[in-house]
Amino acid sequence: MRRSLPAALGVAILAVCAGHTRLDAQDSPIAGPGTAPITLHAATLIDGRGKVTHDVLVSVRAGKIERVEAGVGARGRGATYDLGSATLLPGLIDAHVHPGWYINSQGALHSGRDTDTPAQSALARAGNMYATLMAGFTTIQSVGGMEDLDLRDAVNRWQIPGPRVLTSLGQINNKNLSVDSLRSVVRAYKAQGADVIKLFASAGLGAGGAQTFSDEQLAAICGEAKTVGSRSVVHAISAGSVRAATLAGCTEIEHGTFATDAELKLMAEHGTIFDPQVCLVFQNYIDHRDVYGRSGYTEASFTSLANAIPTATEMFKHALATPKLQIIFGTDAVALAHGRNADELLCRVKAGRKPMDAVTSATSLAAKALGLGDHLGVVAAGFDADIIAVRGDPAASIEAVRNVVFVMRGGVVFAGKH
Ligand SMILES: [Zn+2]
């Protein structure tokens, strides 16, 4: 049965506001994956590893992909969802999102000091999650706030429509702490349920992005993360901070705006995963200058954001030319960018990434980088049924990723007609 999405969202939000009541999966407003088979038929499948097949029938049961067949002919016509000329691909993965960021009831960026109620915050964040899912993103890595605990939980219990969430629950950036204290902060996040550790190795873009934590502090944080079985994701803007985070053994580097060929090569040699941003995060602040201007962003910050676009684009071209560098997809989506995540794919292709490689970076490569590669990021038998369909062929024209016509996460259909 096709679900009415706004109704599902409304019911879900009531459940969030109800607070402490725990619901079992079968009592949740969104029915979880059933045992009845669901079949999808489409003209084309991009499997997430760069392979293309045609006239495809995908069979899903109990949240998993059971079978993928190509060249099915007349059998395709009996599919539960016949998506015609559309292209199927794995649900997209955004490795850097801030689902907790939203515009408050006064029209400025929400902060802990405004007058929004917890219910208003929960509703706004549920809206961010819904927009992200409808844009075809079925998994996000949030880096991160404590509110993610409830968002992750609500999605897992089928209370709200949204992407599955990995979260750092917070960000480590106090350079006055001793290495022992920093190690205990890592353990505390892990104990609270963090999926990943997020730290700042550098100042922000506007402040020039110079290294903040010492080499020893970086080694302590990323080393402790490894000890407790977590990945470490590092904000690093300057070349020096990228170098230091790489040498400290951190798992994944974000931004890298001023990285040079030397740092890009170093990351490749160390197997450090790189998640640069080319446009969306910068452009989003500029496009919403009124709102962010009311929220404390100055003329100088808008200028440095505008200047960052050509700088980041040039750096990205060098990253693409660096042999063996693992580049994944992450947008740094903040308030008003949720649901526009795919725009970043377009700029990356404009900067020179092949469209198919861009898709792979947001599917199988991102899944592997996030430690989910054994069950997500690929449309193949045995994988979780996170599948989207887009109108057109993204491998020929990446703009197609903005035209999402079908969304399934964990075997549950959130958008798409029979
Ligand atoms: Zn960020």
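Not measured: the values here are computed from a predicted model.

Side note on the coordination of the zinc ion
Item 1. H96 (NE2), H98 (NE2) and D332 (OD) make up the full set of protein donors to the zinc ion, lying at 2.0 to 2.2 Å.
Item 2. When the donors of the zinc ion are listed by position in the chain, the intervening gaps give H-x1-H-x233-D. One end of the pair, H98, is in the loop between β6 (92–97) and α2 (118–134); the other, D332, is in the loop between α10 (299–320) and α11 (343–350), and 234 residues separate them in sequence.
Item 3. H98 gets classed as buried once you look at its relative accessible area, which sits at 9%.

Comments concerning the pairing of strand β2 (residues 52–61)
Item 1. Of the strand pairs in this sheet, strand β1 (residues 38–46) and β2 are connected by eight bridges, and their pairing is antiparallel. Following the sheet pairing, H41 is matched in β2 by L57.
Item 2. Between β1 and β2, which pair antiparallel and follow one another directly, the connecting turn spans five residues, one of which, G48, has a positive phi of 100°.
Item 3. Between β2 and strand β3 (residues 64–69), which follow one another and run antiparallel, lie two residues, and A62 among them has a positive phi close to 50°.

Side note on unusual backbone geometry
Item 1. Residue G144 is reached from V143 by a cis peptide bond, and omega for that bond is -15°.
Item 2. One can find G144 in the loop between β7 (137–142) and α3 (148–156).
Item 3. Unlike most non-glycine residues, D332 shows phi in positive territory, near 65°.
Item 4. With a phi close to 80°, L336 is a non-glycine residue in the positive phi region.
Item 5. Mapped onto the elements, L336 comes out in the loop between α10 and α11.
Item 6. Overall, L336 belongs to the partly exposed group, its relative accessible area being 34%.

Focus: the pattern of salt bridges
Item 1. The tally for this structure, following the rule as stated, stands at 20 salt bridges.
Item 2. For R67, the salt bridge identified is with E69, shortest N-O distance 3.6 Å.
Item 3. Linking D343 and R340 is a salt bridge whose minimum nitrogen-to-oxygen distance equals 3.5 Å.
Item 4. With relative accessibility at 23%, the residue R340 sits in the partly exposed group.
Item 5. Three or more residues joined by partner-sharing salt bridges are found here, namely K64, R164, D384 and D386.

Focus on the sheet that holds strand β9 (residues 196–200)
Item 1. Spatially, β9-β10-β11-β12 is the arrangement adopted by the four strands of the open sheet, whose pairing is parallel. The open sheet is flanked by β9 and β12 (273–275), the only strands paired with a single partner. Ignoring which end each strand starts from, the neighbouring axes of this sheet average 25° apart.
Item 2. Looking at chain direction, strand β11 (residues 252–255) and β12 are connected through three bridges and run parallel. Each residue of the ladder has a partner; that of E252, found in β12, is I273.

Quick notes on the state of the cysteines
Item 1. Taken as a whole and judged by the stated rule, the model has two disulfides.
Item 2. Covalent S-S linkage joins C222 and C250, the inter-sulfur distance amounting to 2.1 Å. Looking along the S-S bond of the C222-C250 disulfide, the torsion reads about 90°, which is the right-handed sense. Within this pair, whereas C222 is found in helix α5 (residues 215–227), its partner C250 is found in the loop between α6 (239–247) and β11, the two being separated by 28 residues in sequence.
Item 3. One disulfide in the model links C279 with C347; its S-S distance is 1.6 Å. Of this pair, C279 sits in the loop between β12 and α8 (280–287) while C347 sits in helix α11, and the two are 68 residues apart along the sequence. By the burial criterion, C279 is buried, and C347 matches it.
Item 4. Assigning the bonded cysteines of the protein consecutive numbers by sequence position, one obtains the connectivity 1-2, 3-4.

The rules behind the values
Residues numbered from 1 in each chain as written. Predicted model: local features only at pLDDT ≥ 70, side-chain atom pairs only at ≥ 80, totals over all residues. Heavy atoms only, no water. Donors = N, O, S within 2.8 Å, 3.2 Å for Na, K, Ca; no water. Helix = DSSP H or I, 4+ residues; strand = E, 2+ residues; numbered from the N terminus. Buried < 20%, exposed > 50% of the residue type's maximum accessible area, 1.4 Å probe, protein only. Pairing = 2+ DSSP bridges. Salt bridge = Lys/Arg side-chain N within 4 Å of Asp/Glu carboxyl O. Axes fitted to C-alpha atoms, helices over the stretch in contact; angles between N-to-C directions. Disulfide = S-S within 2.5 Å.

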